[in-house]
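Summary of structural features
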Amino acid sequence: MQATAAPSTGTSSRLHEEFQRPPRSLARLVFDRFRRHRLALVSLIVLALILVTNLAAPIFAQYEPTFIDARNRNQAPSATHLFGTDALGRDILARVLYGGRVSLTVALVAVSISLVIGTTFGLVSGFRGGRVDLFLQRIAEIMSAIPVFFLIISFVAVFGANIFNTMLIIGLLSWEGLARLVRGQTLQVRAQDFVLAARSIGAKDRDIMVRHVLPNVLPFIIVWITFAFTSVILTETALSYLGLGVQPPQSSWGNLVGAAGNLLDIQFHPWIWLPAGLMITFTVLSLNFIGDALRDALDPHALID
């Protein structure tokens, strides 16, 4: 009979080190998986730089965004105006940095509104089930059947184009996808033993949803938030480009891109629209890469490696 070969010393040593290693926490597992995505790490740095420069706009911008330098209209980038000036002589660098504040604020508020509505709808619908679930899902289906962008345009056209209306209507019409996501995950979680145990000791439905179900659904909500920011930024850009979003003289990335609405500016004055366009591109790409990495890092089927 052939003898079985003994494991090598190197293999035994590695196995011993693996068993001696302290167990990793869930947060550590997620972090280890996230940092494997090099593009996501680079995107975090890029996004951090964009946020810092926008929040510290008074430090980086030499001029106010509404200051008019009539002697230097349509000036190309120079030492006086690093990103050039527009047709009125306003500094493009200042308008891009201050406009980033507006665009990111619109995204933050709109996503927050959608987050509250979608999470509440999804939790209640998935946890309660029955007629409540049927009723709430019919509302979600109605929302999904409405052409959202055209409804947003109609709302803004009727009630006025300003930053408040832009944030409000985008937030009120962007929660349907999150509600379906949260409902699906809630249906899975509510059948778990720890939920049944909480019910058996008399815990209220509200407490079970907040303390037991929501923490298990939270990773999926975090991933949704990153992609929702991308969607809202692009929606605000489109509205402002059409003149139905943030109104001049207040700047945003959208109306800065829309300021180059003629072929002459596109061909001969690219500095008017290109910086804001690049800001939108870098922000959207960074959020998408971060969202992809978070989706992989928070995948419960992959957290065991």
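Residues numbered from 1 in each chain as written. Predicted model: local features only at pLDDT ≥ 70, side-chain atom pairs only at ≥ 80, totals over all residues. Heavy atoms only, no water.

Relative orientation of the contacting elements helix 3 (residues 38–55) and helix 14 (residues 274–297) amounts to 140 degrees, with a least axis distance of 8 Å. As far as their axial angle goes, helix 14 and helix 3 are oblique. Of the two elements, helix 3 crosses helix 14, and the hand of that crossing is left-handed. Together, Leu39, Ala40, Ser43, Leu44, Val46, Leu47 and Ile50 of helix 3 and Met279, Phe282, Thr283, Leu285, Ser286, Leu287, Phe289, Ile290 and Ala293 of helix 14 make up the contact between the two elements. When the residues that make up the contact of helix 3 with helix 14 are grouped by side-chain class, the tally is 13 nonpolar, 3 polar and no charged. (Axes fitted to C-alpha atoms, helices over the stretch in contact; angles between N-to-C directions. Helix = DSSP H or I, 4+ residues; strand = E, 2+ residues; numbered from the N terminus. Parallel < 35°, antiparallel > 145°, perpendicular 65-115°, else oblique. Left-handed = near helix turned anticlockwise from the far one by under 90°. Contact = heavy atoms within 4.5 Å. Nonpolar A, V, L, I, M, F, W, Y, C, P; charged D, E, K, R; others polar.)

Let us look at the environment of Thr283. Looking at the element boundaries, Thr283 is found in helix 14. Separated by 239 residues in the primary sequence, Thr283 and Leu44 place their C-alpha atoms 9.9 Å from one another. Beyond its immediate sequence surroundings of up to four residues, Thr283 is in contact with Leu47, Ile50, Leu104, Ile233 and Trp253. Looking at Thr283, its side chain comes within polar contact range of the main-chain oxygen of Met279, at 2.8 Å. (Polar contact = N/O pair within 3.5 Å; in protein donor to acceptor, adjacent residues only side chain to side chain.)

The next point concerns the packing of aromatic side chains. Applying the stated criterion to the full structure yields 3 aromatic pairs. Each ring, one from Tyr63 and one from Phe67, has its centre 5.6 Å from the other, and the planes form 10 degrees; the classification is stacked. On the basis of relative accessibility, which here comes to 41%, the residue Phe67 falls in the partly exposed class. Ring geometry for Phe155 and Phe159: centres 4.7 Å apart, planes at 35 degrees, overall tilted. Of this pair, Phe155 and Phe159 are both found in helix 7 (residues 148–159), 4 residues apart, which corresponds to roughly one turn of the helix. Using a relative accessible area of 21% as the deciding quantity, one classes Phe155 as partly exposed. (Phe/Tyr/Trp six-rings, centres within 6.5 Å; stacked < 30°, edge-to-face > 60°. Buried < 20%, exposed > 50% of the residue type's maximum accessible area, 1.4 Å probe, protein only.)

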